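# Results of the structural survey
Chain residues, written in single-letter form:
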Amino acid sequence: MSCQTSPIDLKQPAISDERATRPVKVVAFLCTWCSYAGADKAGAGQLPVPSELSVIRVMCSGRVEPALILEAFQKGADGVMVLACHPGDCHYKEGNLRAFCRGELLERMLPQLGINPLRFSFAYVSAAEAEKFSQMTRDFVAKVSQI
Ligand code: FES
């Protein structure tokens, strides 16, 4: 078997009836310095944020090991987001860049584990981007609901 072989059909993922009817669960790992502050600002500004989102606050996106993301999927998350400081803004210099690289690798690995890679998202959200946080989380939850 080639490493390029995808064991799942990304266009027609199999879902059970139970999973098709219940609300989706999305876990979002947010860097406390930027993305969490953006989420906080979205809340303070009363911007819509999906109720399906379960936020886990971390000191840096570089702290989010792929094993944590896989554990979230294993424990029933339908989607996982990692939101980080923009490049150059990480308080720990390069944690966000490490998180980006891990995310890229994870996206390629997920199909091999039977998980649609569209269920994972990595993005940069700053403390000033409350609108972006609101829109991005709503879009992701809608996408995961479609899957
Ligand atoms: S401190 Fe925010 S991603 Fe590193």
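Just above sits the structure.
Now for a quick tour of the structure. Remember, predicted model here, so these are calculated numbers, not experimental data.

This part covers the overall build of the chain. A tally of helices and strands in the chain yields five helices and four strands. In the chain, the succession of helices and strands from N to C terminus is α-β-α-β-α-β-α-β-α. Counting all 147 residues of the chain, 37% fall into the buried class. A fraction of 80% describes how many contacts in the chain between residues 6 or more apart in sequence connect residues 24 or more apart.

The next thing to look at is the packing of helix α2 (residues 35–44) against helix α5 (residues 130–146). Helix-helix packing is characterised by the crossing angle of the two axes and by the distance between the axes. Contact geometry of α2 with α5 gives a least axis separation of 8 Å together with a crossing angle of 90°. What the angle tells us is that α2 and α5 run roughly perpendicular. Where α2 approaches α5, its residues Ser35, Gly38, Ala39, Lys41 and Ala42 are matched on the opposing element by Ala130, Phe133 and Ser134. In terms of residue class, the contact of α2 with α5 is made up of four nonpolar, three polar and one charged.

Moving on: the pairing of strand β4 (residues 120–124). For β4, a buried count of four out of five residues is recorded, marking the element as mostly surrounded by other parts of the structure. Taken together, the five bridges between strand β3 (residues 79–84) and β4 define a ladder with parallel strand orientation. Each bridged residue has a counterpart across the sheet, and for Ala84 the counterpart in β4 is Tyr124. After leaving β3, the chain enters helix α4 (residues 95–109) and then returns to the sheet as β4, a path that is right-handed.

A separate point is the pairing of β3. Taking burial as the measure, the six residues of β3 include six buried ones, the bulk of the element. Of the two faces of β3, the one lined by Gly79, Met81 and Leu83 and the one lined by Val80, Val82 and Ala84 are each fully buried. Where strand β1 (residues 26–31) meets β3, five bridges bridge the pair, whose relative direction is parallel. Considered in β3, the bridge of Ala28 is made with Met81.

Attention shifts here to the nonpolar core. Counting residues in each nonpolar core, the largest one holds 38 residues, and the members touching the most others are Val26 and Cys31. Contributions of two or more residues to this core are made by β1, α2, α3 (66–74), β3, β4 and α5. Ranked by the residues each element gives to this core, the list is headed by β1, at six residues. Beyond its immediate stretch of four places on either side in the chain, Val26 contacts Glu52, Leu53, Ser54, Ala77, Asp78, Gly79, Met81, Phe140, Val141 and Val144.

For the rest of this paragraph, the subject is the environment of Leu83. Tracing the sequence through the fold places Leu83 in strand β3. Exposure remark for Leu83: the 30 C-beta atoms within 10 Å place this residue in the buried category. In this structure Leu83 touches Ala28, Leu30, Cys31, Ser35, Ala123 and Val125, once residues within four positions along its chain are discounted.

Below, the discussion takes up α4. Compared with the 21 Å implied by 1.5 Å per residue over 15 residues, the 21 Å span of α4 between its first and last C-alpha is a close match. Buried within α4 are the following residues: Gly95, Asn96, Ala99 and Gly103. Buried residues of α4, seen end-on, are gathered within an arc of 85° and therefore sit on one face of the element. In α4, the exposed positions that point more than 90 degrees away from the buried face belong to Glu104, Leu105 and Arg108. Of the surrounding secondary structure, the elements contacted by the buried residues of α4 are β3 and β4.

Definitions and cut-offs
- Residues numbered from 1 in each chain as written.
- Predicted model: local features only at pLDDT ≥ 70, side-chain atom pairs only at ≥ 80, totals over all residues.
- Helix = DSSP H or I, 4+ residues; strand = E, 2+ residues; numbered from the N terminus.
- Buried ≥ 20, exposed ≤ 12 C-beta atoms within 10 Å, placed from the backbone.
- Contact = placed C-beta atoms within 7 Å.
- Axes fitted to C-alpha atoms, helices over the stretch in contact; angles between N-to-C directions.
- Parallel < 35°, antiparallel > 145°, perpendicular 65-115°, else oblique.
- Nonpolar A, V, L, I, M, F, W, Y, C, P; charged D, E, K, R; others polar.
- Pairing = 2+ DSSP bridges.
- Right-handed = clockwise from strand over helix to strand, strands pointing away.
- Core = buried A, V, L, I, M, F, W, Y, C linked by C-beta atoms within 7 Å.
- Expected span 1.5 Å × (residues − 1).
- Arc of directions from axis to C-beta.

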